[in-house]
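Commentary on secondary and tertiary structure
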Amino acid sequence: MNIILLGPPGAGKGTQARRLVDERGMTQLSTGDMLRDARTSGTNMGRKVAAVMDRGDLVTDEIVIGLIEEKLNGGVPGGVIFDGFPRTLAQADALGALLARKGTGLDAVIEMQVDDDALVQRITARSTCGDCGEVYNDVSKPIPSDGKCTNCGGTQFNRRSDDNEESLRTRLLAYYKLTSPLIGYYHAKGRLKSIDGLGEIGTVADEIANALA
Ligand code: AMP
């Protein structure tokens, strides 16, 4: 099964993708994670995209499509959860062509709906475990008082350089302008399932499971 988690920054795509990996043995492909890895390892591409990402703008279609193609060619056991990709109509077309070439396609596109106020709250309070990527929130899911990640015991926690109000404004604008047209695109293809992404993590996971049943 191949699915897309579609939604604005802070909608909970990464959190839900990680659950699906644990529960169903699927492969998460997050272009955001791939780009952050490229930055950390200091590749040419990583250096090229750093300022664009910090501003909250989208990197070029060519770069992210190349990253996804490479991963798909490397094999993706259990099917794919596309997390943060596609983000433009050109990326959606490219993904359709890549999957068709592999004799497969998309089973569902889950649109996670969350209102803007909740997104701002979530993102400005967000931190992640540096070892396993578990997501914490200063208000709703604080880092445990012993300073250890509940998932892996890691003790290093990071805030993303683009998780500030100014970048978030740009990221939201990019979402509404360039990514939200994908809702109509996948609706027309009969693949769209919209869910309420505002609830507790477990409740949203149940909604996703129902949408995929
Ligand atoms: P994310 O972790 O998905 O929020 O992505 C973080 C940043 O990486 C975005 O704000 C963009 O700058 C860049 N990015 C991630 N995925 C894409 C994509 N599919 N297309 C263009 N830029 C992307």
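These numbers come from a predicted model, not from an experiment.

A few words now on the sheet that holds strand S1 (residues 3-6). What the five strands build is an open sheet, ordered S2-S3-S1-S4-S8; its pairing is parallel. Both outer strands of the open sheet, strand S2 (27-30) and strand S8 (192-196), are each paired with one neighbouring strand and no more. If you compare each strand with its neighbour and ignore which way they point, the axes differ by 20° on average. Two elements, S1 and strand S3 (residues 80-83), share three bridges in a ladder whose sense is parallel. Paired with Ile4 across the bridge in S3 is Phe82.

Moving residue by residue along a regular strand, the side chains alternate between the two faces of the sheet. By the alternation rule, side chains of S1 split into Ile3 and Leu5 and Ile4 and Leu6, which are all buried. Here S1 runs beside strand S4 (residues 108-113); their pairing, made up of four bridges, is parallel. Bridge pairing in S4 places Leu6 opposite Glu111.

This brings us to the packing of helix H4 (residues 61-74) against helix H5 (residues 89-101). Interaxial distance between H4 and H5 falls to 10 Å at its minimum, and their mutual angle equals 20°. Put simply, H4 runs roughly parallel to H5. As H4 runs across H5, the sense of the crossing is right-handed. Counting all contacts with H4, which are made through Asp61, Val64, Ile65, Ile68, Glu69 and Leu72, the residues of H5 involved are Ala90, Gln91, Ala94, Leu95, Leu98, Leu99 and Arg101. Split into classes, the residues belonging to the contact of H4 with H5 amount to nine nonpolar, one polar and three charged.

What follows covers the site of the ligand. The local shell around the ligand holds 16 residues, among which Thr31, Arg36, Asp57, Gly84 and Gln91 are the closest. Gly84 is positioned with one of its backbone polar atoms (N or O) 3.0 Å from a nitrogen atom of the ligand. Relative to its free-state accessible area of 480 Å², the ligand is covered by the protein chains to the extent of 96%. A total of four residues in the shell around the ligand trace back to one element, the largest contributor, which is helix H2 (residues 31-40).

Reading across from one edge, S6-S5-S7 is the order of the three strands in this open sheet, with antiparallel pairing throughout. Looking at strand neighbours, the two that pair on one side only are strand S6 (135-137) and strand S7 (157-158), the edges of this open sheet. As paired strands, strand S5 (residues 126-129) and S6 are joined by three bridges and run antiparallel to one another. Paired with Thr128 across the strands is Val135, a residue of S6.

Analysis parameters
Residues numbered from 1 in each chain as written. Predicted model: local features only at pLDDT ≥ 70, side-chain atom pairs only at ≥ 80, totals over all residues. Heavy atoms only, no water. Pairing = 2+ DSSP bridges. Helix = DSSP H or I, 4+ residues; strand = E, 2+ residues; numbered from the N terminus. Axes fitted to C-alpha atoms, helices over the stretch in contact; angles between N-to-C directions. Buried < 20%, exposed > 50% of the residue type's maximum accessible area, 1.4 Å probe, protein only. Parallel < 35°, antiparallel > 145°, perpendicular 65-115°, else oblique. Left-handed = near helix turned anticlockwise from the far one by under 90°. Contact = heavy atoms within 4.5 Å. Nonpolar A, V, L, I, M, F, W, Y, C, P; charged D, E, K, R; others polar. Near = heavy atom within 4 Å. Polar contact = N/O pair within 3.5 Å; in protein donor to acceptor, adjacent residues only side chain to side chain. Areas by Shrake-Rupley, 256 points an atom, 1.4 Å probe, with all protein chains shown as cover.

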